[in-house]
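# Summary of the model geometry
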Amino acid sequence: MATVTLCMIVKNEEKYLERCLSAIKPVLDKVDSELIITDTGSTDRTVEIAEKFTDKVIHFEWINDFAAARNTALDNAKGEWFMFLDADEIFLSCDGIISFFNSGEYKNYNAASYIIRNLSKTENGTNYSDIFSPRLVKIFPETKFENAIHEVLSPFKPPYKNISDIAEHYGYFFETEEEKIIKSKRNADLLTKRLSSEYNLDPVIFVQLFEAFHGMNDMDKAFFYLDEGIEYCKKNNSIVLAALYFHKASILQSAKKFYEAIKVCDEYFEMSSLIRPYPLNTDAEIHAIKGVSLYDLKKYDESKESLESFFNIANSCVSFSIFLFCVFILNRLLQFYRSEAAPPLIV
């Protein structure tokens, strides 16, 4: 039995696959491990590249179900632990994962996460956001992947370990608008099918549906699923409501619908204490959206109050998203000073 089985599912992944596998090769070389790659119908060099790194390449007929494809690898795993990654994730270093297993520390835990750095291309260059993503688990008899899209590995049992290794994720780093629309449409089709077939909904699906239709530039459906999700989360006291409010306020502010954006921001802070029993990371972003919206409406005193709240949180929060909002606010104010006489804003 190996200590850990690494697995991924692939289809036409020649763009990043060799870099991905080269980056995790230190784990394969230094840890008692195996690599299983499930191919779902590649027509490019994907299988050829995969076979350079492992002799365990499984061919799986695609049935529009990511969980089913990943479970094929899980069923063939010989590891005590299981780690899954995507072919467009490239580790900057695997030292933390190697140490976790070789030191024996893994024996004290049932699951672990590493940092996914989601990269995106914008008109201002490359942006990213970091999140600890649960990707390693001790295998139990009931361990399996769930959900046809945005699949999750369950159960994810405590105690957990956060490993500081970073994998840069290029899955949403689109070179063209067409690439973005194609992937968004695929996601939207699978998500709407899942929505209609699930009885106990995970409210995160509404965020995912919004993102998919937003990626297709179908804003009517994007807002429809935001509003559906907001009502669902209110009824079920789900903290996902905070993310839905954030996305709605952000889109409205970007569309210069400032009064509507402010209304959503106010609704955010009126959330039930059952949903928001303590301050959330999104508090800062909502203050920023409201503050800039008020400033655009030339309600400078009210704007100052909201932006002061944002910077008070920002001063004590280390977050790349908070940093981006700081840059956004400063750029927005600079535009005002260049274009018209605006009062000084001291925050």
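As the structure is a computational prediction, the values presented were derived from the model and not from experiment.

## Overview of unusual backbone geometry
Residue proline 155 is reached from serine 154 by a cis peptide bond, and omega for that bond is 0°. With omega at 0°, the peptide bond leading from proline 158 into proline 159 counts as cis. Examined against the element boundaries, proline 159 turns out to sit in the loop between strand S9 (152–154) and strand S10 (160–169). The phi angle at lysine 256 is positive, at roughly 65°, despite the residue not being glycine. We classify lysine 256 as exposed; its relative accessible area is 59%. One non-glycine residue, lysine 298, lies in the positive phi region at around 65°. One can find lysine 298 in the loop between helix H10 (282–296) and helix H11 (300–314).

## A look at the pattern of salt bridges
Within this structure, the stated rule accounts for 16 salt bridges. Here aspartate 29 makes a salt bridge to lysine 25, at a shortest N to O gap of 3.0 Å. Linking aspartate 29 with lysine 25, this pair stays in helix H1 (residues 17–30), spanning four residues, or about one helical turn. Relative accessible area serves as the criterion here: at 54%, aspartate 29 is assigned to the exposed category. Among the salt bridges present, the one from glutamate 89 reaches arginine 135, with a minimum N-O distance of 2.8 Å. Residue glutamate 89 is found in strand S5 (residues 89–91), and its partner arginine 135 is found in strand S7 (residues 125–138); the two are separated by 46 residues along the sequence. Accessibility classification places glutamate 89 together with arginine 135 in one group, the buried group. In this structure, a network of salt bridges that share partners links the residues Arg70, Asp86 and Glu151.

## Some remarks on the packing of aromatic side chains
Summed over the entire model, instances satisfying the criterion amount to 18 aromatic pairs. For the pair phenylalanine 224 and tyrosine 225, a centre-to-centre distance of 5.0 Å together with 80° between the ring planes defines the contact as edge-to-face. Both rings, one in tyrosine 268 and one in phenylalanine 269, keep their centres 4.9 Å apart while their planes meet at 85°; by these two values the pair is edge-to-face. Classification of tyrosine 268 as buried rests on a relative accessible area of 0%.

Criteria and thresholds
Residues numbered from 1 in each chain as written. Predicted model: local features only at pLDDT ≥ 70, side-chain atom pairs only at ≥ 80, totals over all residues. Heavy atoms only, no water. Helix = DSSP H or I, 4+ residues; strand = E, 2+ residues; numbered from the N terminus. Buried < 20%, exposed > 50% of the residue type's maximum accessible area, 1.4 Å probe, protein only. Salt bridge = Lys/Arg side-chain N within 4 Å of Asp/Glu carboxyl O. Phe/Tyr/Trp six-rings, centres within 6.5 Å; stacked < 30°, edge-to-face > 60°.

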